[in-house]
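# Structural description and commentary
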Amino acid sequence: MTEPIAYGQTPPLTARRSLLRRPTSTAGLWGWITTVDHKRIGIMYGVSAFVFFLLGGIEALLLRLQLGGPNQHVLSASAYNQVFTMHGTTMIFLVIMPMAAAFANYLVPIMIGARDVAFPRLNAFGFWTFLAGGLFMYSSFLLGGAPNGGWFGYVPQTLKAYSPGHNIDFWVFGLQILGIASLTGAINLIVTIINMRAPGMSFMRMPIFVWMSLVAQFLLLFALPVITVALFLLMFDRQFGGHFFDAQAGADPLLWQHLFWIFGHPEVYILILPAMGIVSEVLPVYARKPLFGYAVKVFSGIAIGFMGWGVWAHHMFATGLGPVAISAFGLSTMFIAVPTGVKIFNWLGTLWGGKLRITTPFLFAVGFVAMFTIGGLSGVTHAVVPADTQQTDTYYIVAHFHYVMFGGSIFGLFAGVYYWAPKVTGKMLSDFLGKIHFWLMLVGFNLTFGPMHILGLQGQPRRIYTYPAGRGWEFWNLVSTIGAFTIAASIVVFIVNVIRTKISDQPNVGADPWDARTLEWTIPSPPPEYNFAEEPLVTARDELWHRKYDEDGDGRAIRRELDYPVVMDEVPDEVHVHMPSPSYWPLVASFTLPAVAYGMIYRAWPVAIAAGVVEITALYSWALEPSTAPPDPDEGTEDHGPELDSGEPAAAELETADAD
Amino acid sequence: MGVSRRRGAVALAVGIGLLMTACAKHAPQDTLKPNGPAARTIDHLYVPVFWIAAVIFVLVQGLLLVFLFKYRDRGERDERPEPVQLHGNTKLEFGWTVVPAVLLALVAAATLPTIFKLAKKPTNPINVTVVGHQFWWEYRYTDPDIGVVTANELHMPVGRDVYITEDGTLRKPDGTLDADVIHSFWVPRLNGKTDMIPGRVNHMKLKADTPGVYLGQCTEFCGLSHANMRLKAIAETPAEFDAWVQTMKKPAATPVDGDPAFAGYQLFTSRGCAGCHTVDGYTEGLVGPNLTHVYSRTSFAGALFDMSPANLSKWLRNPPGEKPGSRMPNLNLTPDEISKLVAYLETLK
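Residues numbered from 1 in each chain as written. Chains lettered and ligands numbered in written order. Predicted model: local features only at pLDDT ≥ 70, side-chain atom pairs only at ≥ 80, totals over all residues. Heavy atoms only, no water.

## Some points on the pairing of strand β4 (residues 153-157) of chain B
Residue and element names in this part refer to chain B. β4 sits mainly inside the fold: five of its five residues count as buried. Of the two faces of β4, the one lined by E153, H155 and P157 and the one lined by L154 and M156 are each fully buried. Looking at chain direction, β4 and strand β10 (residues 230-236) are connected through five bridges and run parallel. Bridging from a neighbouring strand, P157 pairs with E236 of β10. (Buried < 20%, exposed > 50% of the residue type's maximum accessible area, 1.4 Å probe, protein only. Helix = DSSP H or I, 4+ residues; strand = E, 2+ residues; numbered from the N terminus. Pairing = 2+ DSSP bridges.)

## Here's the deal with the domain arrangement of chain B
Residues and elements named next belong to chain B. Assigned domains of chain B: these are domain 1 (2-119), domain 2 (126-249) and domain 3 (262-345). Each of domain 1 and domain 2 has a C-alpha centre, and these two points are 37 Å apart. Between domain 1 and domain 2, the contact holds 15 residues from the first and 15 residues from the second. For the domain 1 and domain 2 pair, buried surface summed over both sides reaches about 1200 Å², with 48% attributable to carbon and sulfur atoms. Among the residues of domain 1 in contact with domain 2, P28, Q29 and N35 are the three that bury the most area, contributing 47% of the side total. Taken together, domain 1 and domain 2 are joined by one salt bridge. (Domains from an automatic or database assignment. Contact = heavy atoms within 4.5 Å. Buried area = accessible area lost by both parts, 1.4 Å probe. Salt bridge = Lys/Arg side-chain N within 4 Å of Asp/Glu carboxyl O.)

## Some remarks on the packing of helix α9 (residues 323-351) of chain A against helix α10 (residues 360-383) of chain A
All names here are of chain A. Running from amino to carboxyl end, α9 crosses α10 at an angle of 160°, the nearest separation of the two axes being 10 Å. Taken together, the axis directions place α9 and α10 in an arrangement best described as roughly antiparallel. In this structure, the crossing between α9 and α10 has a hand that is left-handed. For the pair formed by α9 and α10, the contact residues are G330, T333, M334, A337, T340, I344, W347 and L351 on the first element and F362, F368, V369, F372, T373, V380 and A383 on the second. When grouped by side-chain class, the residues that make up the contact of α9 with α10 number eleven nonpolar, four polar and no charged. (Axes fitted to C-alpha atoms, helices over the stretch in contact; angles between N-to-C directions. Parallel < 35°, antiparallel > 145°, perpendicular 65-115°, else oblique. Left-handed = near helix turned anticlockwise from the far one by under 90°. Nonpolar A, V, L, I, M, F, W, Y, C, P; charged D, E, K, R; others polar.)

## Quick word on the pattern of salt bridges
Charged atoms that come close allow side chains of opposite charge to pair. Residues and elements named next belong to chain A. For the structure shown, the criterion picks out 24 salt bridges over all chains. Of the charged contacts in the structure, one is a salt bridge between E543 and R547, with a shortest N-O distance of 2.8 Å. Here R547 and E543 lie together in helix α15 (residues 543-548), a separation of four residues that amounts to about one turn. Overall, E543 belongs to the buried group, its relative accessible area being 4%. Residue classification places R547 among the partly exposed positions, given a relative accessible area of 25%.

## Observations concerning the interface of chain A and chain B
Counting residues at the interface gives 109 residues for chain A and 96 residues for chain B. With both sides pooled, the region where chain A packs onto chain B buries about 8800 Å², and carbon together with sulfur makes up 68% of that total. For chain A, the biggest contributors to the area lost against chain B are K355, Q390 and L457 of chain A; these three give 8% of the whole. On inspection of chain A and its partner chain B, the count reaches three salt bridges. Across the pair R200 of chain B and D252 of chain A runs a salt bridge, and its minimum N-O distance is 2.5 Å. There are 30 residue pairs in polar contact (both at pLDDT 80 or more) connecting chain A and chain B. Partitioned by chemical class, the residues of the side of chain A that touches chain B number 64 nonpolar, 32 polar and 13 charged. (Polar contact = N/O pair within 3.5 Å; in protein donor to acceptor, adjacent residues only side chain to side chain.)

Here it is in C-alpha cells:
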C-alpha cells in the first residue's frame, strides 16, 4: 500500500526508468490524453460522438437535398451510396452507441456511489479505440472512397467481385475496431455495476438508468461476437479469396443476413435501452414522483433484452424463409411489443398526478415517449408479415426506425444532455434556448420522417439515389427535405446554447439544482476526480430524495427538517483519495489498431506486422504497469507535498481499482 | 396550453397525412391501391391493424397531452401540495400488460393464416422464371406452349396467376451463376416483394384484376443503379396476351443486303453487341437482355427509358453515363454507327 496523494496534486514519478516515462500530470492537454478518469473519458466520448453527429447530420442533409425533388444532381449515384452508407454507420456506431457510452461512463460510477469504473485504463482504451476506429473509417473519404454497401453490408454486393475498391475494406476493418471498443466498454461497465455499488445499493435500489445500461451492456457482450465473426469471414473473402459467402462456389449469402441481424436486432435495443433509462430518470425528477412501477420497468427491460434475440429474421421477411419460419418470427416480434408497451404506460403513470415542471430536459423526455410510441406502433405493423412484404425496404421502414432511433434515442440523449449538463459543467444550459431547440427539433423531426410513412406506402424504395417524376412522391419528399433543415437549425440553436453557457460567468449551480433523486446529485458539480469524499451508504431507492423528503399520512412528499446538509455543494479542502495513475499504453494500443488495418488493406505487410508487434508490446506493457504509479525512490519523499492529515476518514483512502 | 396544442397539431398532421395517402393521385406504386388478390389480401390485413394502432396512438398521445395540461406546475400561483409518492399499481400494470397482449394475439390470429394463404402455390398458373441482373430483369416463360424470353416488361393475362420462380441457382454454359447480387422483385399494386438471392430459389405469385401497366422496381440495394432497376407488369386480356406470345415466338427480323437496316445489322454482329446480347437465330450473348423483339417493348435499360429512336441513340452514345454502373460499356460508336444500329434495332419488333 502506497501513500495516499492529495487530490489535485501531482503523483510522484514512476520508479521504473522505462523508455517511455509514465505520464504524471492530470493537467492540460496531456492530462486529457492520458487520463483514466471515467468522467473525463465520458466527456471525450460525448464530444467525439457529437462531432460525428454533425458529420452524420451533414450526410443526411446531402441525402435529403438529393431526394428533395425528382432527378436531382446534388450527388452522383456513387457519392450517394457512400453518403447513405456512412450516414447509417456513423449514426449507429459513431453517434448513438458512443453517446450512450458517454452517459454510462460518466454516470454509472457516480450513480452507484463508486469512485471510478472497475478498469480505468481499459476504459481509456475503449474510448481511444472508438475514436481511432471512427477516424479510420472517415479516412476512407480521402483515400479513394467511403464504404458504399449500406450499413448492413449485404453479400454478395460487398464481396470483391461487386465492390472491388477499398471502400468496403474500410467498413470491415473499421467496424471490427469499433467492436473492440464497445466490447471492452461492455465488460468494464458490467463488472463496475455488479461489483462496485456502494454499501446498501442492492440491485433493486439501482437507478433505472444503471439497470438499462447493464442490460444494454450484456446485449453488447453477446451481440458483438456475432458481427465480429461475420466481419471476419467477410474479411477473409475479400482479403484472402475465401468463399464463405460466395454463391458462385456454393455458399449461401443468407448466412450473412442471419449473422448480421442476430447482431443487428439486439443492437436496436442496445441503442434504445440507455435512452429509455435516461427518460426514466428525468421524468420522475420533474414530476416530483417516483418512477411508476420501477420493478416492472426493470423486468420489462430485461424481458426486451432476452426477447431481442428471437426476432432477428423480421428483417428478412422477403428473403423466402418459408411460411413456418416467418410466422414464428412474426409472432415473436408482436410479443416483444408487450414489454415495450408496458414501458410507455408506466411513463404515463409517472406523469399521472405529478406536479410537472416543464423544463427542457422534461420536454425532451416527453418528446421521447410521444415519438417512440409512433415508432413502436409502426413496428407492430412490420410484425404483420404480409404487410411487411409491402413495407420492407421502403421509406416506411426508414420512417419507422427514425421514430425509434431519432424520436427515441436522440430525443432521450438530448434529455440527458440538458438534465446532466449542470452536473458535468457546474453551469445550467439556457432553458429558453433549450425549448427553442426542442420545438424546432420536434417539428423538424415530424416534417422529415412523418411523410416518409406515406412515401413508403406509396412505393418509394430505400437506398435509391434518384426517382422519376410522376410517382406521386415529389411533394412529401420536398416536405421531408424542409424538415431535415429544420432539424439542422435546431442543432445550431443547441450549439449556440452550449457556447453561450460555456463562456458565461454564471455562478456554480451547486450539487443539486433540480431537486433530484439519485446519488450523483449529492456531490459537487462538477464532481471531484474521486467523486465521493466518503463512500455513501444507501438505504433506499432514490437515495437522495429520501434523505430530503419524508411522506405524510396521504403519501405526499414533505421536506425533512434537517440541521445538516444532505449534499456537498463544494469540493472539500482536504480529502486524500488514492486514484489510479494516468497511462500512455491504452492510447498506444488503440491507435495501433488502424495501423494494422491500413497495412492489411494496402497489403503493406511490414506495416501490419510492425503495428501488430507494437500492439502486443503495448498490451504487455500495460499489463505489467501497476494501476497506480509507485513513488520514485530517487525523488525522495519530500516531494510528496505537505504532510497528510492522518485524521482523515479511512474511507477516503479506499482504492477504486486494484488492477485492470 | 400552446405547447400541447402544437404537439397535437403535429400529431394530427401526421395522422391526416397518412390518411391522405389513400387519395394521392398518380401514385402508380401505391401499396394502398391494390389491384390483385395478393395485394388486396395484404391491404385487408394492414388497414385494420393501422386503425388499431391509430386508436392506441390517440389514447397514448391524448393521455400525454391531458397530463401535461392538467398536472403542469403553475409556478407561484400553484397551490397544490407535493404529489402523492405513488410507486405503482399492480392491477393497472397487469392490465396494460394483458390488454396489449390480447390485442396482439388477435392480430396474430389474422396474420398467420394469411401468411400460409399467400404462400400457397396457385393452380394452373403461367410459370415465369425471373432472374435479376445488375440492373435489369430477365423473364423466362418456361411453360412449353409459351417458351419466351424477355426483359423488364412482364406480360401477363388478367385474371390468371403468374407463378414466379426467382431462380438464383441457374448457371450459364460456362458454369458461372446467372445471378449476381441480391435483388428484390416488387410490383406494389399486385403483391409484396420477394428477394432474388444468388444460390437460392424463391417463389411468388402475381395476378392482376384489370388490364393496365403496373409499375415496380428493385427494392434490395444492388449497387450503383439500384434506383434505375425498374420494371413493368403489363396485364392484358387473354387474347392480347396470346397475341403477344405469338409475336414473341416469331424469329427475329434478319435484314438482307439492301435493307436500310442491313448496315446496322452488320455493325451489331461485328462491333461486339452480339457478344453480350442474344437475338434468336444468330447471336447467343448471355450478359445483356435478349433483344430478339426489343423494339416491341415500351422501355429499355431496366425500364428506365421509354423506347424511342432518340432515347436509343442517347443510350448507345454512352450507356454508363446514362445509367451508372451499367455493365454495357461505352463502345465509342460514331454518330453514324449509332443511327445505323438504331435503324436495325427498330426492326426487332
